[in-house]
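In case you want the letters, here they are:
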Amino acid sequence: MAHELPKLPYEMTALEPHISRKTLEYHHGKHHQTYVTNLNNLLKDHPTYATLSLEEVIQRSFGEKNTSIFNNAAQVWNHTFYWHCMRPNGGGQPGGDLLALIHRDFGTYEAFREAFTQAALTQFGSGWAWLVLKDGKLSIMKTGNADLPMVHGAKALLTIDVWEHAYYIDYHNLRAQYINIFLDHLVNWDFVGSNMA
Ligand code: MN
């Protein structure tokens, strides 16, 4: 099946002033689109992948060490997930059950925030930082390039894209500033909570 670029779950200007229309136009319209186009082109030569879902393509290409297919398929998935991790007027502390779980597994919201920030800051080069559910507990992961929790036995709950293309137009080299803005103004905790189900 042909994989498609999903629409953004909000308008191109919805995350301003924190993430600009220009960033979303490039990040969604160019970068994410290119991963979709590359994946579909690669799959033309791999008919056994043709009927698989995106998640199945990711798992099979990881198992078969088909790096090109894995990288593009995982980046399609990662970006779709990342868009949903943000919303206008998001960020700050979550409420209810999620906050209780953060307290249980990190001690305080501030401790979670510090661990997530450190993972995002210290991912050398391109990659992602994640809040995941693993072995029944919340924990923090970071992954390089296209790598993602589902191939490491963890369920993704929240991610931040720390490839430079995610923040360079708005924050230039200041990754730390982008991470703070993401946590304080953009996180869609309703989406994070829905991933617990
Ligand atoms: Mn990206």
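Predicted model, so just to flag it, every value in this text is computed and none were measured.

Their axes nearest at 10 Å, the elements helix 5 (residues 109–122) and helix 7 (residues 175–186) cross at an angle of 145°. With respect to the hand of their crossing, helix 5 and helix 7 are arranged in right-handed fashion. Listed contacts from helix 7 to Tyr109, Phe112, Arg113, Phe116, Thr117, Ala120 and Leu121 of helix 5 are Arg175, Ala176, Ile179, Asn180, Phe182, Leu183 and Asp184. Split into classes, the residues belonging to the contact of helix 5 with helix 7 amount to nine nonpolar, two polar and three charged.

Bringing the sheet that holds strand 1 (residues 127–134) into the picture now. What the three strands build is an open sheet, ordered 2-1-3; its pairing is antiparallel. The open sheet has two edge strands with one neighbour each: strand 2 (137–144) and strand 3 (155–161). Taking the axes of each pair of neighbouring strands and ignoring which way they run, one obtains an average angle of 25° across the sheet. Sheet topology note: the strand 1/strand 3 ladder contains six bridges and is antiparallel. Within strand 3, the position partnered with Leu133 by the bridge is Lys155.

Looking now at the coordination of the manganese ion. Binding of the manganese ion to the protein goes through His27 (NE2), His79 (NE2), Asp161 (OD) and His165 (NE2), at separations of 1.9 to 2.1 Å. Along the chain, the residues donating to the manganese ion are arranged with the sequence spacing H-x51-H-x81-D-x3-H. Like Asp161, the residue His165 is buried in the burial classification.

Quick look at the domain arrangement of the protein now. Splitting the protein by domain gives domain 1 (21–84) and domain 2 (96–195). Once you take the C-alpha centre of each, domain 1 and domain 2 turn out to be 21 Å apart. Opposite the 20 residues of domain 1 that make contact, domain 2 presents 25 residues. In total, domain 1 and domain 2 occlude about 1,900 Å² of area from one another, counting both sides; carbon and sulfur atoms represent 70% of this. If you sort the residues of domain 1 by the area they bury against domain 2, Thr23, Phe81 and Tyr82 come out on top, with a joint share of 33%. For the pair domain 1 and domain 2, the number of links is zero salt bridges. Contributions of two or more residues to the side of domain 1 that touches domain 2 are made by helix 1 (21–43), helix 2 (54–63) and helix 3 (67–84). Grouping the amino acids of the side of domain 1 that touches domain 2 by side-chain chemistry returns nine nonpolar, nine polar and two charged.

On inspection of all chains with the given rule, the structure shows three salt bridges. When the shortest N-O distance is used, the salt bridge between Glu25 and Arg21 registers 3.1 Å. One end of the pair, Glu25, and the other, Arg21, are both in helix 1, four residues apart, so they sit about a helical turn from each other. A salt bridge links Asp105 to Arg104; its shortest N-O distance comes to 2.9 Å. Of the residues examined, Asp105 reaches a relative accessible area of 16% and is grouped as buried.

Conventions and cut-offs
- Residues numbered from 1 in each chain as written.
- Predicted model: local features only at pLDDT ≥ 70, side-chain atom pairs only at ≥ 80, totals over all residues.
- Heavy atoms only, no water.
- Axes fitted to C-alpha atoms, helices over the stretch in contact; angles between N-to-C directions.
- Helix = DSSP H or I, 4+ residues; strand = E, 2+ residues; numbered from the N terminus.
- Left-handed = near helix turned anticlockwise from the far one by under 90°.
- Contact = heavy atoms within 4.5 Å.
- Nonpolar A, V, L, I, M, F, W, Y, C, P; charged D, E, K, R; others polar.
- Pairing = 2+ DSSP bridges.
- Donors = N, O, S within 2.8 Å, 3.2 Å for Na, K, Ca; no water.
- Buried < 20%, exposed > 50% of the residue type's maximum accessible area, 1.4 Å probe, protein only.
- Domains from an automatic or database assignment.
- Buried area = accessible area lost by both parts, 1.4 Å probe.
- Salt bridge = Lys/Arg side-chain N within 4 Å of Asp/Glu carboxyl O.

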